[in-house]
Amino acid sequence: MVRYVYDFCEGRHDMADLLGGKGANLAEMTRLRLPVPPGFTVTTDACRAFLGAGVEPEGMSDEVSRHLSALEDSAGRRLGQQDDPLLVSVRSGARFSMPGMMDTVLDIGLNDDSVVGLAEMSGSDRFAWDSYRRLVQMFGSTVMGVDAARFEEAMTRLKEACDAPDDLYLDANDLAGLVETYKQLILDETGQAFPQSPAEQLRLAILAVFRSWNGERARLYRRREQIPDDLGTAVTVQRMVYGNLGADSGSGVAFTRDPATGRPGPYGDYLANAQGEDVVAGIRNTVPLTELEHIDARSYRQLRDHMATLERHYRDLCDIEFTIERGTLWMLQTRVGKRTAEAAFAIAAELVEEGQITPEEALARVSGEGLARLMFPRFDADATGEPLAHGLPASPGAAVGVAVFDSAEAVRRAETGEKVVLVRQETTPDDLPGMVAAEAVLTNRGGKTSHAAVVARGMGKVCVCGAEDLAVNTEARCFATPDGTVVQEGTVISVDGSAGAVYAGAVAQVASPAMRYLETGERTDGVTAAVAGALEQADSVRRLEVRANADTAEDARRARRFGAQGIGLCRTEHMFLGERRKLVEEMILARTDAERDRALAALLPLQRQDFTDILAAMDGLPVTIRLLDPPLHEFLPDRTELAVRVAATQARGEQPDPLEAELLEAVNRMHEENPMLGLRGVRLGLVVPGLVAMQVRAVAEAVVARTRAGGSPQAEIMVPLVGAVEELRIERTEVARVLAEVSEESGVPVRCPVGTMIELPRAALTAGRIAEEAEFFSFGTNDLTQTTWGFSRDDVEAAFFSAYLDKGVFPASPFETIDPDGVGRLVRIAVDEGRATRPGLKIGVCGEHGGDPDSVHFFHTAGLDYVSCSPFRVPVARLEAGRAAL
Ligand code: PEP
Ligand code: MG
């Protein structure tokens, strides 16, 4: 038979699914014989059954009655008993902590009779009537649905009438009158009287807490924290104890270590003559917990003992709520406490040192997300004001600089030593020099895999993209915020890429010691030592290799310092930006073989030098070089601009420049409505004669040069956007021909494995065939997500993803965290079928997901050999690959 109620002495801390975090931990403290006011927990099963059927599950109310009787027996008094009432609190407690998101009702059991008994028992009329008015107020709003503001208004009116600056000035008579006012208010608003029966109060309060699981606040919070909607909450019913019975009473919050820094030792706040709610609400100034030693030494000593017991027992930082009732200490709640990223690393390392946990457990308690937070410089949280705008937090960190509105200006100012923030509607490859020069990039269009975001992350630049509230006017060189503030070029702004916010002026920053450690190996403090230890541990247990996506020798060197075991993706189109773009344009638009050959011949030495430098930086480690994969429009002149220029010349009655007219004609010919699905990747290689040969020759000659220099180059050639094995077969024949040619010419045997990206559903579904020709696979999950969902990776995130996230279509953007059911299924199919054809096939991933913690865990279980991500994500991926292997 299903049980719906558990006494505190029946549960355990590992029953949080059923009893909620609060119920499970109260049970655990009871088992540890700590002074917990007795009580019981109504389970999440009961909540789910109630919310599903709309009525209490059968048997629940009998069970509640039985447990209440037991509670009454142990207390020696009845709920609401007239002369000495037992009162209880009714609190929510879900599996995952949702602070303040659901309802609580205190002082259940008070009514017109028992309030008199409480006054006698406590010796204070005021206390009794204040408790009763709190119950009627809380019950009226949370259980009976009266607008909480109506109670506040009644309170304000009373205070005005009594000339009382705050409610502490109201006496027992005033409060008794207020109870009457509140009861009348409930009757007027709901047509029902405040229930006098304590049992009825209890029943209704439990059901109200169940209902609050689906309250607006709770739903919103769950969405943000990615807590599933179907868990339900448990309800704890516990004997009330009072911290507001005078100077020898009080309430407090205690942490066994500092949750901000991780430093060991007691930490917390205490408020004399107050209930727990008052401490959190901050209505009066609290004192540091250590002051309690002077206020009530005995309780303080006991509390310290209990804190030590709990930390030893949970082997982790515990956060505790307690109340002292007339010199008697009561423990009201404990849980493993939330902490900053810094504290998480520090505490895990300390506990290993203290012999409390193993290095594996320590690794499980830190996270890649936390490490990423430690790596970026941060704004001082106390120094930010109201943001000018919000956008997508595309690349984390904090940057300050003057706003500039084009790439050339960014470069010009940066050269004079000025720090700049490049503000664009969106960026294109042409903006790269400006992005390199800038501290941060801010756009009002584009999602997290838009150009600005991908490139900024790759470079470790701060980026906020899709800040749609901003009106960016590059002509007028300014942007305007919704409230009409206009920020002109040259004005200092601060960009928080971790929060996706933009501020006026220079917000103060805090440097990151973790970053210094990764760059130099220097361990400057306990936190960096802890980071080092966690990464070493991760490296010793992980199965996944971690490579980097890098297109320059500088990025490659940084990636290597950060622990990359090779390059998983070198995007060769990124090597053709800036001045070299013109050469690619000439190659694409060439009308004759001779013109094309000239363009290719000019590109060859540039490519060779790039590859030589990268192979040198990654000597001895694999470097996967991808053949050209630009969406064409990125390399062609802007069609509209060109057409306007030609038309303007004609309108003046002049003959257009024949070269310009010809260029326009060519651009029109090559124009694509949807370039991301057009002449890209392998398709370009198959239709532009000589392109593949030039790139492969550049790779092969770089290998020869490095071999002759005594190096150990490990180049791999990767073909992008393959959808059919035939494409790969043709391309591979060409690759083999050129490799043989260069080997022959140089006398140095050049052997480069040839593999393919799997980034189209058709490639994944025919992976068994493709593996006949591919020596390795690398999942391009950016394009695979785009083509599987039919989501344009450049548009959708800013356009409607926030609505999709709100509506719960998916818990996270599928461009950020791999969609395990759809895209992930294609990955699994391709892994299985690829390896069925070619056992031991090396398989990696080089889409943005390669650096995303949840996705790394997915790739681990899917059996990949490596993940490849931007250099700055390499430590994150190392850590998460280690955690995935635990
Ligand atoms: C991908 O599609 O995931 C990928 C890595 O290629 P790109 O982002 O360059 O299209
Ligand atoms: Mg791709």
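Since the model is a prediction, treat every value here as computed from it, not as a measurement.

So, how was this worked out
- Residues numbered from 1 in each chain as written.
- Chains lettered and ligands numbered in written order.
- Predicted model: local features only at pLDDT ≥ 70, side-chain atom pairs only at ≥ 80, totals over all residues.
- Pairing = 2+ DSSP bridges.
- Helix = DSSP H or I, 4+ residues; strand = E, 2+ residues; numbered from the N terminus.
- Axes fitted to C-alpha atoms, helices over the stretch in contact; angles between N-to-C directions.
- Near = placed C-beta within 6 Å.
- Nonpolar A, V, L, I, M, F, W, Y, C, P; charged D, E, K, R; others polar.
- Parallel < 35°, antiparallel > 145°, perpendicular 65-115°, else oblique.
- Left-handed = near helix turned anticlockwise from the far one by under 90°.
- Contact = placed C-beta atoms within 7 Å.
- UniProt positions renumbered as here; feature names shortened; annotations may be inferred.

### Things to note about the sheet that holds strand S1 (residues 5–7)
What links the strands of a sheet is backbone hydrogen bonding, and the strands pair in either a parallel or an antiparallel sense.
Consideration 1: Within the open sheet, the five strands sit side by side as S1-S2-S5-S3-S4. Their pairing is antiparallel. The sheet is open, and its two borders are formed by S1 and strand S4 (104–108), each paired with just one other strand. On average, adjacent strands in this sheet sit at an angle of 20 degrees to one another, irrespective of strand direction.
Consideration 2: Here four bridges tie strand S2 (residues 39–42) to strand S5 (residues 233–239), and the two strands are oriented antiparallel to one another. Residue Val42 lies in a different strand from S5, and its bridge partner there is Val235.

### Some details on the site of ligand 1
Consideration 1: Around ligand 1, the surrounding shell consists of Leu569, Arg571, Asp629, Glu759, Gly780, Thr781, Asn782, Asp783, Cys846 and Gly847.
Consideration 2: Sorting the residues of the shell around ligand 1 by element identifies strand S25 (567–571) and helix H31 (781–789) as the ones contributing at least two each.
Consideration 3: Among the elements that make up the shell around ligand 1, the one with the highest residue count is H31 (three residues).
Consideration 4: Counted by class, the shell around ligand 1 contains two nonpolar, four polar and four charged residues.

### Side note on the sheet that holds strand S18 (residues 471–473)
Consideration 1: Judged by pairing direction, the sheet is antiparallel, and its three strands sit side by side in the order S18-S19-S20 without closing on themselves. Each edge of the sheet is formed by a strand with only one pairing partner; in this case those strands are S18 and strand S20 (486–488). Averaged over all neighbouring strand pairs, the angle between strand axes comes to 15 degrees, with direction disregarded.
Consideration 2: In this structure, strand S19 (residues 478–480) lies alongside S20, joined through three bridges in antiparallel fashion. Bridging from a neighbouring strand, Cys478 pairs with Gln488 of S20.

### Considerations on the pairing of strand S22 (residues 501–504)
Consideration 1: Bridge count for strand S12 (residues 389–390) against S22 is two bridges, and the pairing is antiparallel. Bridge pairing links His390 to Ala501 in S22.
Consideration 2: Bridge analysis of strand S21 (residues 492–496) against S22 gives four bridges, and the strand direction is antiparallel. Bridge assignment links Ile493 to a residue of S22, and that residue is Ala504.
Consideration 3: Counting the residues that bridge the hairpin from S21 to S22 gives four residues, and of these Gly500 lies at a positive phi of roughly 70 degrees.

### Some remarks on the packing of helix H34 (residues 853–861) against helix H35 (residues 874–884)
Consideration 1: One can describe the packing of H34 onto H35 by two numbers: an axis separation of 9 Å at closest approach and a directional angle of 50 degrees. By the angle between their directions, the pair H34 and H35 is classed as oblique. In this structure, H34 crosses over H35, and the sense of that crossing is right-handed. Where H34 abuts H35, its residues Pro853, Val856, His857 and His860 lie against Val876, Ala877, Glu880, Ala881 and Ala884.
Consideration 2: Here the residues of the contact of H34 with H35 are counted per class, giving six nonpolar, two polar and one charged.

### Re the UniProt feature "domain: Pyruvate phosphate dikinase AMP/ATP-binding" (unreviewed entry) in the protein
Consideration 1: UniProt marks residues 17–52, 59–285 and 294–351 with the feature "domain: Pyruvate phosphate dikinase AMP/ATP-binding" (unreviewed entry), using the numbering shown here.
Consideration 2: Its end C-alpha atoms 18 Å apart, residues 17–52 is made of 67% helix and 11% strand.

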